[in-house]
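# Working through the structure, step by step
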Amino acid sequence: MTVSLPPLRDVIARHGLSASKALGQNFLFDEKLLDRIAAIPGSLAGEHVYEVGPGPGGLTRALLRAGAQVLAVERDHRCLPALAELSEAFPGQLSVIEGDALKIDPFAEIGAPFHVVSNLPYNVGTALAVGWLGGNAWPPRWKSLTLMFQREVADRIIAAPGTGAFGRLAILAQWRSNAAIAMPVHRSAFTPPPKVMSAVVHITPKDAPADVKMSVLENLTGAAFGQRRKMLRQSLKGVAGALEALSAAGIAEDRRPETVTISEWCALAKEVG
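Criteria and thresholds
- Numbering of residues starts from 1 in every chain and runs along the sequence as written.
- Residues qualify for local features only when their pLDDT is at least 70, as the model is predicted, and side-chain atom pairs are given and counted only at 80 or more; totals for whole chains, interfaces and linings, by contrast, use all residues.
- As a rule here, side-chain values cover all heavy atoms of the structure and leave hydrogens and water aside.
- Here a cavity is any set of points on a 1 Å grid over the protein atoms alone where a 1.4 Å probe fits but cannot get out, and a pocket is any open set with protein on both sides within 12 Å along at least 5 of 7 lines; a residue lines the site when it has an atom within 4 Å of a point.
- Grid points are joined across faces, edges and corners, and a volume is the space filled by probe spheres set on the points.
- Numbering of helices and strands runs from the N terminus, with a helix taken as a DSSP run of H or I at least four residues long and a strand as a DSSP run of E at least two residues long.
- When accessible area is computed with a 1.4 Å probe and restricted to protein chains, residues below 20% of their type maximum are described as buried, those above 50% as exposed, and intermediate ones as partly exposed.
- As used here, the arc is the angular range of directions from the helix axis to the C-beta atoms.
- The contact definition used throughout considers only heavy atoms, calling two residues in contact when any of these lie within 4.5 Å.

## Quick notes on empty space enclosed by the protein
Evaluated as defined, the whole model comprises two cavities of 30 Å³ or more. Of the pockets and cavities examined, the second largest cavity occupies roughly 30 Å³. What lines the second largest cavity is Leu28, Leu34, Ile37, Leu59, Ser118, Asn119, Met148 and Val200. Counting residues per element, the ones that place at least two in the lining of the second largest cavity are α2 (31-39) and β5 (114-119).

And the structure:
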């Protein structure tokens, strides 16, 4: 079914909307670009999709056109009338919750496996991603994460060991998931244009290493990367059993945390237990 919609710029003008800096908003108007983002997870026909911060509904339109069943969480009440119009245009496909995504559990709200596709608000994007990637339960309820970040954050997510960007975020995203930059997005694509470039990151879960607990991995990497200029013998001395685990895992104590591979971090966490 083809649905005829007014241009997004017209919708924004009619509702008197403007991007809120306090909410980390930057609007995307390019329909072709939005359709490309919605296509990254693969076919969404009949799939459940969770979207955070839809704003006036640019990406939401693309997801609905792709046939998705969308649950959108929007904190800005000014955007709700525009989203209500989309809900009327795509009967039965869009549900909207007004609220703070940091306080909402999508697993409880959706009740079925889902994709997350979102142009994340800059001020909460990393915190939300860490929440979805965390927890000891695996595989997760989400099928994939397709997330817009500032390019600097995207680079930290996909960083390789031995690089300056490699740290806790890379380990969290990669130890039991595949993470890649799906497409760069120029700052000029947004209204208003942010000061930095952006990128869409696509993350899919893979098998988790056996006997490795997320909580232990978080504890180890938090201590190590909290003092990333120090050798492991110094930064991990406050973690019970960590120095003994380094020896058991064959990891030299004089290494710095960014040189330790993800498989080595997992081996260390397994030894600590």
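## Quick look at helix α7 (residues 151-158)
Turn by turn, an α-helix covers 3.6 residues, leaving residues three or four places apart pointing in a common direction. Burial in α7 covers these residues: Val153, Ala154 and Ile157. Viewed along the axis of α7, the buried residues span an arc of 100 degrees, placing them on a single side of the element. Among the structural elements, α6 (125-133), β6 (142-150), α8 (168-174), β7 (177-185) and β9 (198-205) are those in contact with the buried residues of α7.

## Regarding helix α4 (residues 80-89)
Ala82, Leu83 and Leu86 are the residues of α4 that are buried. Looking down the long axis of α4, one finds its buried residues gathered within 95 degrees of arc, a one-sided arrangement. For α4, the elements touching its buried residues are α1 (8-14), α3 (58-65), β3 (69-74) and β4 (94-98).

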